[in-house]
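Chain residues, written in single-letter form:
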Amino acid sequence: MARKLQADEWLFGATVALALFGVIMVYSASAIVAAGENHTQYFYVARQGLWTLIGLAAMLAGMRFDYGRLRSPAIAYGLLALSVVLLVGVFAFSPVNGARRWIRFAGFSMQPSEIAKLSLAIFLARFLERRAGREADFWRTFVPSVAVTGLLALLVVAEPDLGTALMLAVVCTVVLFTAGAQLRHMALAAAPALMGLAGLLIFVPFRMRRMTAFLDPWADPQGTSYQVVQSLLAVGSGGVHGLGFTEGRQKMFFLPFAHSDFIFAVVGEELGLFGALAVVALFGLFLWRGMRAALRAPDRFGTLLGMGIVTGIVAQALFNMSVVLAMLPTKGIPLPFISYGGSSLVPTLFAVGVVLNISQHASASHGSALAPVFEGGSPAAPARRAAATQPRPSGVSTMRSLLRGEARG
Amino acid sequence: MVAVGARLTYLQTSQHEWLARRARAQQLDVEPQAAVRGLILDRQGRELARSVGVDSFFADPREIEDVDAAASGLARVLKVDQTSLAARLREAKDAKRGFVWLARKVDEEQSRAVEGLKIKGVYPVEEQKRRYPNGALAAHVVGFVGLDDKGLAGVEQMYDAALTGEPGRLVVDTDAKRRAFESAGSAPQDGRTLVLTIDQTVQYIVERELTAAVEKSQAKSGAAVVIDPRTGEILALANAPAFDPNDAAGVSADARRNAALQNIYEPGSTFKVVAYSGSLEEKLIKPDDKIECPGSISVPGRVVHDHARGTLTATEALAKSSNVAAIKLGMRLGNERLYDYIRRFGFGSKTGVELPGETAGLVRPVSKWQPGSIGSVPIGQEVGVTPVQMAAAYATIANDGVRVAPHLVREVRDAEGKVVEQSQPESHRVVSAETARELRGMLEMVTLKGTARAARLEGYTAAGKTGTAQKVDPKTHAYSQTKYVGSFVGFAPVENPAAVIIVVLDEPVGAHQGGAVAAPVFSEIADQILPYLDVMPDNAPDAKAPARQLAAAPAPALTASAQAAARAAKEHEGATVSTVALPEVAVSTTPGGEISEIVYASAGERALLMPDLRGRSVRDVARVCAQLGLELEARGEGRAVRQTPAVGSQVEAGQSVRIEFGRGE
């Protein structure tokens, strides 16, 4: 077809809005910290701006090739292998804040766990597409998916970075569910995972402390609950209207990681309930349009990949906000798009580019927003017809109807 | 997502207030900025109370590197136990506490010594200490403050809010490392200055004479008040024994009690003027009208006896203090009118003098009178008054029948010296000018021919009335045969009175008649203060012979005599011209213990020579300066070390002198 491909404008808009909003908030949250570290107040925001430009370029790049090529074994397994190598590689570097999460070279640093998230989504989408119709096969479909996820998750936990490991598990679960894996299999996998989680909580002392700190933050506001308490104070001070942009006080070294993991607290303090809810709403819009694009993908690979990416990002966002609002114990994971740091932002934006890529095929093949996705296949991607004509993943219909209801509601 | 939204709403609405408050609490440092407590000055601007800055020292033990060395140095300078200080510092250092008091309100010398140690982590803070440079002078008027500088008595208490001022607040925004990055706040509003109507010199004379009289008569206590009848201004208000407000904590509540307006006494004969003025005002009698005084009079229930007998004119009856005459006049007026005049003269109501705890006295309404009350009330029984009330009543007569509310705060100035409040005493007519004039003439006869001949003055005409009342024994509720209150209240000069003086002595031993114990005190006081107040003598100086021995009883520590100076001045310039007398000051304590008297002679009209104050205590120096009218700038504690100007240089009243004190060995 000669028709120009059209990506989902809402998804694109929400992503760019979140990323630009992030630049602004990083400025407000980091200026004091930067000055305190003898940099100019623009030190962090300049870097974040640069990373955002690079990230948006990566996003555009992610939209401009045939996403189907991602399912080639070279890319899928290559990325997976690269992730494993890098995740092992982090142990060659000295820890930062007690964790080995970064690989540094030539003045830049990257977090392999961010690459691992995308790699996992691509691998699972490819693998489950090929296992279409045999989702119920415990040993040959379910176990390999969980095994690969588990391998990456274990490496990430070892950094240690339990939060990102949990995100990997969420991606795996969502993709498996979308693909139509047996719920009892997932329950079977969940049991040891939960036990492992419990073990990690019990045998690693700082996790247990954080756990109890989250349950009663005011018991020890100067000690283990310090971060939670400072975060709550920031959010609570904001009130409905907020103190005003750059007027926040908690970033004056009261709130740790104000420009990274706890940037949402600064949003709440400076922009108030309206600002914070707007951010939540943008993630909501992102989730809706992202899932819509995924479910309308012309093939099973696109659907599963889109679902994996979108839910991975949104789950991380909700996780981060929950930590800030003391609904979950403190875990060091950034707020996607907004928190400072290129090693999270660039891979995330690239991944969104892939989802936008998928969305443009969906809109190209179906004029009507609510037309069935999996019937007929995509004229733009005849090569994927075989995959698309395979039996529809069972989880999809449920979700589609849910989405439809949401769209209509 | 819904949960996140709900949680946000919860935190930012219903939890907002307390979270925000808690956040501000950690983000703000509020540093109170102390306001300096205001001065209390006499009517001529001489200091009666001042707050001085003194240093206190604290340590931040976390910054002290060598605790033992620091403790040994500090212990030597501050004269405290080294071991316990070291233990205190070490304990605080271990607990990572950043604040330990080392010494509060130290003197200049110690302060310099501590600074000289140059110990890291030891810091000074300036605190205030209230000083009463004149010691016990006017203690019952000025009052005193507690440990926290709150006024607990006198005008210190009454004007506590104005004197305290408004402490400033420096609100400092700090970051988590307690570094300030923004501050806002209000500057402290220093306390207001209180200018009293008290004249320090008059007060001093009154206190000295009162104390001497109390000692001489072995009275339990005494009170004296001097009022300018034209303005209602209280020039002096004294109680004996007095106390030193610099050390008020150790003083009994009895000594602190301001008897001049907190105690009521049965006035006796001084109260007779009420019946006389009522009768004159109502034209029931003229001063020369005859009154039959048979020596006793029957009232319902009893017979009142009298020592004055015969047919007396009203003037003679008052001069002889006839009870019968006063009761007859009271009867002519009748209960209602008598009561009305009592109240019009201010008895039974508070005078409104600006001191705490004033009592209204005891005047029962007519409805509660006994049938026999008419035999008591006109002669000053069955009523309770305060010395200030009585002085105010005589001031009314002295001021042509117009009562000006007695008061002792002249004006209130703000810290910049601007007058923010000026006393505007209420005034109203009580009796006609004619009645007042007639009464003055009658009262003068009391001092000339009556019971108060001891109240006559040198060079001035005087008028007044004695009073002797038996005290009611609280156990028997009957008049005591041994306990009396002797009093005299009067004014001078008679035609244009400049001062009303009341002297009340409680339970004098031996001679207890008001004429014997209180009238001489009146004359001692009036003879000294009238020349000082620039009052023209209106009488031949030899009116009263023999001349009394002046300054006969020098106070053991210090004597000052305005009168001696006045006499000296008169000798130079002729007896008819009175001059403002500068008090001579004699300081009689020397470190050697030998009593010596040093007199500082006048160097000119208002100038005098700077005395050598070195080696004297703060209190001594303050007294000398107060008497000479020099404004004292004192720094430090202990004995005077340095003085500017130098000994013998010419100084003028009102000039400020700088004295440094120290505790050198």
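Preceding this section is the structure that the text describes.
Residues numbered from 1 in each chain as written. Chains lettered and ligands numbered in written order. Predicted model: local features only at pLDDT ≥ 70, side-chain atom pairs only at ≥ 80, totals over all residues. Heavy atoms only, no water.

1. Comments concerning the overall build of chain A
Tallying secondary structure elements over chain A gives 14 helices and two strands in all. Counting over 409 residues, chain A shows a buried share of 56%. Restricting to contacts in chain A with at least 6 residues of sequence separation, those with at least 24 account for 75%. (Helix = DSSP H or I, 4+ residues; strand = E, 2+ residues; numbered from the N terminus. Buried < 20%, exposed > 50% of the residue type's maximum accessible area, 1.4 Å probe, protein only. Contact = heavy atoms within 4.5 Å.)

2. Some words on the interface of chain A and chain B
Opposite the 35 residues of chain A that make contact, chain B presents 28 residues. Interface area lost by chain A to chain B is led by R249, F253 and F254 of chain A, which between them contribute 23%. Counting every contact that joins chain A to chain B gives zero salt bridges. In this assembly, chain A and chain B are joined by six residue pairs in polar contact (both at pLDDT 80 or more). Top contributing element to the side of chain A that touches chain B by residue count: helix α10 (residues 263-295) of chain A, with 11 residues. Across the side of chain A that touches chain B, the residue classes break down as 23 nonpolar, 10 polar and two charged. (Buried area = accessible area lost by both parts, 1.4 Å probe. Salt bridge = Lys/Arg side-chain N within 4 Å of Asp/Glu carboxyl O. Polar contact = N/O pair within 3.5 Å; in protein donor to acceptor, adjacent residues only side chain to side chain. Nonpolar A, V, L, I, M, F, W, Y, C, P; charged D, E, K, R; others polar.)

3. Points about the packing of aromatic side chains
Scanning all chains against the criterion turns up 15 aromatic pairs over all chains. Look at Y44 of chain A and Y340 of chain A: their rings are 5.0 Å apart centre to centre, the planes differ by 85°, and that puts the pair in the edge-to-face class. Of this pair, Y44 of chain A sits in helix α2 (residues 43-63) while Y340 of chain A sits in the loop between α11 (300-324) and α12 (342-365), and the two are 296 residues apart along the sequence. The pair formed by Y44 of chain A and Y340 of chain A is uniform in burial state, with each residue classed as buried. Between F144 of chain B and F243 of chain B, the aromatic rings sit 5.7 Å apart at their centres with planes inclined by 90°, giving edge-to-face as the arrangement. Of the two residues, F144 of chain B is situated in the loop between α6 (139-142) and α7 (154-158) and F243 of chain B in the loop between β10 (233-240) and α10 (253-256); the sequence distance between them amounts to 99 residues. In this structure, F144 of chain B and F243 of chain B share a single accessibility class: buried. The rings of F43, Y44 and Y340 of chain A are connected pair by pair, giving a single aromatic cluster. When the ring centre of W288 of chain A is taken as origin, the NZ or CZ atom of R289 of chain A, which lies over that ring, is 4.8 Å away. Looking at R104 of chain B, its charged tip hangs above the ring of W101 of chain B, at a distance of 4.4 Å from the centre. (Phe/Tyr/Trp six-rings, centres within 6.5 Å; stacked < 30°, edge-to-face > 60°. Lys NZ or Arg CZ within 6 Å of the ring centre and 35° of its normal.)

4. Considering unusual backbone geometry
Residues and elements named next belong to chain B. Of the consecutive residues A492 and P493, the connecting peptide bond is found in the cis state with omega at -15°. At the junction of T644 and P645, the peptide bond is cis and its omega measures out at -5° in the coordinates. Within the element layout of this structure, P645 appears in the loop between β27 (639-644) and β28 (650-652). With phi around 55°, K79 is a residue other than glycine that occupies positive phi space. If you trace the backbone, K79 turns up in the loop between α3 (67-78) and α4 (82-94).

5. Structural notes on the pattern of salt bridges
Pairs can form between side chains of opposite charge once their charged atoms are near each other. Using the criterion set out here, one finds 34 salt bridges over all chains in the structure. Here D299 of chain A makes a salt bridge to R71 of chain A, at a shortest N to O gap of 3.2 Å. One end of the pair, D299 of chain A, is in the loop between α10 and α11; the other, R71 of chain A, is in the loop between α2 and α3 (73-89), with 228 residues separating them in the sequence. Like D299 of chain A, the residue R71 of chain A is buried in the burial classification. Across the pair R43 of chain B and E233 of chain B runs a salt bridge, and its minimum N-O distance is 3.0 Å. Of this pair, R43 of chain B sits in the loop between β2 (40-41) and β3 (47-59) while E233 of chain B sits in strand β10, and the two are 190 residues apart along the sequence. For E233 of chain B, a relative accessible area of 8% translates into the label buried. Beyond isolated ion pairs, a larger network of salt bridges with shared partners links R37, R130, K150, E156 and D160 of chain B.

6. Side note on the nonpolar core
Of all hydrophobic cores here, the largest spans 131 residues; its most connected members are V226, L237, Y276 and F347 of chain B. Discounting chain neighbours no more than four positions away, the residues touching Y276 of chain B are A314, A317, L318, A325, A326, L329, L439 and M442 of chain B. (Core = buried A, V, L, I, M, F, W, Y, C linked by side-chain atoms within 4.5 Å.)

7. Some words on the environment of L613 of chain B
Residue and element names in this part refer to chain B. With respect to the helices, strands and loops of the structure, L613 is situated in the loop between β25 (607-609) and α20 (618-628). Once the C-alpha coordinates of L613 and V647 are considered, the two residues, 34 residues apart in sequence, prove to be 8.1 Å apart. Ignoring sequence-local partners within four residues, the contact set of L613 consists of V621, V624, C625, A640, Q643 and I659.

8. Comments concerning the side chain of S376 of chain B
Residue and element names in this part refer to chain B. As for its position among the elements, S376 is in the loop between α14 (323-344) and α15 (387-398). Classification of S376 by relative accessible area gives buried; the value is 3%. Those residues in contact with S376, other than ones at most four positions away along the chain, are R302, Q381 and E382.

9. Some points on the pairing of strand β8 (residues 193-196) of chain B
All names here are of chain B. Residue alternation in β8 divides its side chains into two sets, T193 and V195 and L194 and L196, and both sets are buried. Two strands pair when backbone bridges link them, and β2 and β8 are joined in this way by two bridges, in the parallel orientation. Its bridge partner lying in β8, L41 is registered against V195. Inspection of the sheet shows β8 paired to strand β16 (residues 409-413) by four bridges, in the antiparallel sense. When the bridges of β16 are listed, V195 appears paired with E411. (Pairing = 2+ DSSP bridges.)

10. Topic: the sheet that holds strand β20 (residues 479-492) of chain B
In any sheet, the strands associate via hydrogen bonds between backbone groups, in a parallel or an antiparallel arrangement. Residues and elements named next belong to chain B. Taking strand neighbours across the sheet as the criterion, the five strands line up as β10-β9-β21-β20-β19 in an open arrangement whose pairing is antiparallel. In this open sheet, the two strands that pair with only one neighbour each are β10 and β19 (463-472). Taken pair by pair, the neighbouring strands of this sheet meet at an average axis angle of 10°, ignoring direction. Pairing analysis gives eight bridges linking β20 to strand β21 (residues 499-506), with the strands arranged antiparallel. Note on β21: the bridge partner recorded for V485 is D506. Docked against the sheet, helix α9 (residues 200-217) engages β9 (221-228), β10 and β21, running at close to 30° with respect to β10. Helix-sheet contacts for helix α18 (residues 519-532) involve β9, β19, β20 and β21, and the interaxial angle to β21 is about 145°. (Axes fitted to C-alpha atoms, helices over the stretch in contact; angles between N-to-C directions.)

11. A short note on helix α4 (residues 112-130) of chain A
The end-to-end C-alpha distance of α4 of chain A is 27 Å, a good match for the 27 Å that 19 residues give at a rise of 1.5 Å each. In terms of residue burial, α4 of chain A counts as a mostly covered element, since 18 of its 19 residues are buried. (Expected span 1.5 Å × (residues − 1).)

12. Regarding the sheet that holds strand β26 (residues 631-635) of chain B
All names here are of chain B. One open sheet accounts for three strands, arranged β26-β29-β27; its pairing is mixed. Each of the sheet's edge strands pairs with one partner strand only, and the pair in question is β26 and β27. Going across the sheet, the axis of each strand differs from the next one's by a mean of 30°, ignoring polarity. One ladder, built from five bridges, connects β26 with strand β29 (residues 656-662); its direction is parallel. Each residue of the ladder has a partner; that of L632, found in β29, is V657.

13. Observations regarding helix α2 (residues 16-27) of chain B
Owing to its 3.6 residues per turn, the α-helix aligns residues three or four sequence positions apart on the same side. Residue and element names in this part refer to chain B. Between its terminal C-alpha atoms α2 stretches 16 Å, which fits the 16 Å expected from 12 residues at 1.5 Å a residue. Turning to α2, its buried residues are L19, A20, A23, Q26 and Q27. Each buried residue of α2 lies within a common arc of 125° when the element is viewed along its axis, so the set occupies one face. Projecting away from the buried face of α2 at angles above 90 degrees are the exposed residues E17, R21 and A25. (Arc of directions from axis to C-beta.)

14. Thoughts on the packing of α3 of chain B against α4 of chain B
Residues and elements named next belong to chain B. Between α3 and α4, the shortest axis-to-axis distance is 9 Å and the interhelical angle comes to 135°. With respect to α4, the element α3 is oriented oblique. When the axes of α3 and α4 are compared, the crossing they make is right-handed. Contacts from V67, D68, A71, S72, L74 and A75 in α3 reach Q82, L85, A86, L89, R90 and K93 in α4. Among the residues making up the contact of α3 with α4, the classes are represented as seven nonpolar, two polar and three charged. (Parallel < 35°, antiparallel > 145°, perpendicular 65-115°, else oblique. Left-handed = near helix turned anticlockwise from the far one by under 90°.)

15. Notes on the packing of α4 of chain A against α11 of chain A
Residue and element names in this part refer to chain A. The interhelical angle for the contact between α4 and α11, taken along N-to-C directions, is 150°, at an axis separation of 8 Å. As the angle between them shows, α4 and α11 are arranged roughly antiparallel. Viewed along their axes, α4 and α11 form a crossing whose handedness is right-handed. On α11, the residues that touch E114, K117, L118, A121, I122, A125, R126, L128 and E129 of α4 are R300, F301, L304, L305, G308, I309 and Q316. Residue classes in the contact of α4 with α11 are distributed as nine nonpolar, two polar and five charged.

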